[in-house]
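Listed below, chain by chain, are the residues.
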Amino acid sequence: MDDDNAAHRVIEDLRGLASAAAPGTRLPSVRELTARHHASPVTVARAIRRLVAENLIEARPGRGTFVAGRPDHRPAPPDLSWQAIALGPRPPGEEAMQALLAIPRPDAIPLSSGYLDPDLQPTTSLGAALARAARHPASWQRGPVQGREDLRAWFAREAGGALHADDMVICPGGQAGLSTAFRAFAAPGDPVVMESPTYLGALAAARAAGLRVVPVPADADGVRPDLLAAALTRSGARLFYCQPLYANPHGGTLAEHRRAAVADAVRAAGAFLLEDDYARDLAIDGTPPPPLAADDPDGHVVYLRSLTKSAAPGLRVAAIGARGAAGARLRSARTLDDLFVAGPLQQAALDFLSSPAWPRHRRALRTALHSRREALLAALRRHLPALLPATVPRGGLHLWVRLPDDLDDLELATEAAAEQVVVFPGRPWYAAEPQAPHLRLTYAAAAPALLDEGVRRLARAVAALRDRS
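What counts, and where the lines are drawn
Residues numbered from 1 in each chain as written. Predicted model: local features only at pLDDT ≥ 70, side-chain atom pairs only at ≥ 80, totals over all residues. Heavy atoms only, no water. Phe/Tyr/Trp six-rings, centres within 6.5 Å; stacked < 30°, edge-to-face > 60°. Buried < 20%, exposed > 50% of the residue type's maximum accessible area, 1.4 Å probe, protein only. Helix = DSSP H or I, 4+ residues; strand = E, 2+ residues; numbered from the N terminus. Lys NZ or Arg CZ within 6 Å of the ring centre and 35° of its normal. Contact = heavy atoms within 4.5 Å. Pairing = 2+ DSSP bridges. Axes fitted to C-alpha atoms, helices over the stretch in contact; angles between N-to-C directions.

Draft legend 1. Structural detail: the packing of aromatic side chains. Applying the stated criterion across every chain, the model contains 7 aromatic pairs. Considering the side-chain rings of W154 and F155, the 5.0 Å spacing of their centres and the 85 degrees angle between planes classify their relative orientation as edge-to-face. The pair W154 / F155 is uniform in exposure class, with both members buried. Judged by centre distance (6.3 Å) and plane angle (75 degrees), the ring pair of W154 and W358 falls under edge-to-face. Residue W154 is found in helix α7 (residues 149-158), and its partner W358 is found in helix α14 (residues 357-383); the two are separated by 204 residues along the sequence. Both residues of the pair, W154 and W358, belong to the buried class. The side chain of R60 reaches across the aromatic face of F66, ending 4.0 Å from its centre.

Draft legend 2. Region of interest: the environment of A446. Position of A446 relative to the elements: it lies in the loop between β15 (438-442) and α16 (448-468). On the accessibility criterion, A446 (2% relative accessible area) is buried. Residues A446 and L111, 335 residues apart in the sequence, show an inter-C-alpha distance of 7.4 Å. The residues contacting A446, other than those within four sequence positions of it, are P110, D117, R372 and L451.

Draft legend 3. Seen up close, the sheet that holds strand β12 (residues 398-402). The strand order β12-β15-β14 describes an open sheet built from 3 strands, whose pairing is antiparallel. The open sheet has two edge strands with one neighbour each: β12 and β14 (424-425). The sheet contact formed by β14 and β15 spans 2 bridges and is antiparallel. Paired with P425 across the strands is L439, a residue of β15. In the packing of α14 onto the sheet, the strands contacted are β12 and β15, and the crossing angle to β12 comes to about 20 degrees.

Draft legend 4. Expanded view of the sheet that holds strand β8 (residues 239-242). If you walk across this open sheet you meet the 8 strands as β4-β11-β10-β9-β8-β5-β6-β7, and the pairing is mixed. A strand with exactly one partner marks an edge of an open sheet, and here the two such strands are β4 (168-171) and β7 (222-223). In terms of strand pairing, strand β6 (residues 212-219) meets β7 through 2 bridges, oriented antiparallel. Bridge assignment links A218 to a residue of β7, and that residue is V223. Those strands touched by α7 are β4, β10 (301-306) and β11 (318-321), and its axis lies near 110 degrees from that of β4.

Draft legend 5. Summary view of unusual backbone geometry. The omega angle of the peptide bond from S196 to P197 is 5 degrees, so this bond is cis rather than trans. In this fold, P197 is placed in the loop between β5 (191-196) and α9 (200-208). One non-glycine residue, Y246, lies in the positive phi region at around 50 degrees. Positionally, Y246 belongs in the loop between β8 and α11 (256-268). You can call Y246 buried: its relative accessible area is 3%.

Draft legend 6. The arrangement of the pairing of β4 in detail. Residues M168 and I170 point to one face of β4 and V169 and C171 to the other, with burial holding for every one of them. Pairing of β4 with β11 involves 4 bridges; the strand directions are antiparallel. Bridged to M168 within β11 is G321.

That is the geometry; function is a separate question.
See below:
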């Protein structure tokens, strides 16, 4: 409820200022309000939108906010306060997810994004595939609720061969698959073990399902098997969520010498391992190891693979699968969630994956990601050498940078926004208290020249924070 309290403070502050000032009077900036009320920019923007809707203030793009004119016969604003009682507490994680998915302003440089820069997306090939799919009458008919068999077979092959087409179900993006898995394999109040730090969307989905998140530390070599075994034993959890390849946000890959020990810990606990293989197509250096699902004789691994991160945000196609009764439960849950994924989108995805455009895109993407990762590292060396990461990820989209102890990640993200550069604080990626402040910096959402300018602006934000301390 802290976010609601902060929004209320901002609203009351602005309401009082607007009531006492003449129409056209400039009001405090977003930056001033975030500092005055210790609120996030998202919270302040929400408060401003509410008062704009009440015609109390007006926002002028590029200039700021001002007291609105006062017509003689203004209708009373609607009273929506009853909704606070009807809705109850806000779901945890909602604010962080909205901030993560917010589209940056055109004049801001994105150093935080979960998706590829439009220049890296194969939009021409995807558009052609979708146009061809739209001309197939069968694409518009109801197909199998679990998805096209040929598309499911492609995802099954990508999992390493242990899964088959009948084990998989197509879903509209990886986030939908996560939500389904958490509800299919655990009940509200149950524990779920997760790496720490871990994907913000997974934390939000688990909490929305009513699960109790049990964090287990991870490092550059992935989750620590000894601590995983202890967490599973102590909590009694029957589900472990992990990203063994280029984990978001820290970029670590589960090391070869840990893979068997992780599988043994899961097997000994009689648990499922939910493998989120979101970054399979985002390799930069070398060949990525095979999925954990490829070496899973007894059906402990639940495998999730999405095309969205490696292709385009609009290609909301993913698949999740498991063997035996677990797979049947997944397919049943997916049917209840969405019935089935749109036929033209499935056909377009299969067309694209089956064409020469797909391997061509993967080769070009590897080259581009390498160039941009090196550009971001060079920019950090030039402008902020204290933020250089200890370990450089061999793939994925992000750098996980440790901040000096005198910098607060939330304050720095707010100060950076005032400098027109978008970064994301590390704190929301932890289920419990973080051991140190971090930022997640993305190298895939901007061109190399913009990455350098973005880090230069971030350096100004760091200097501004230190000047005030």
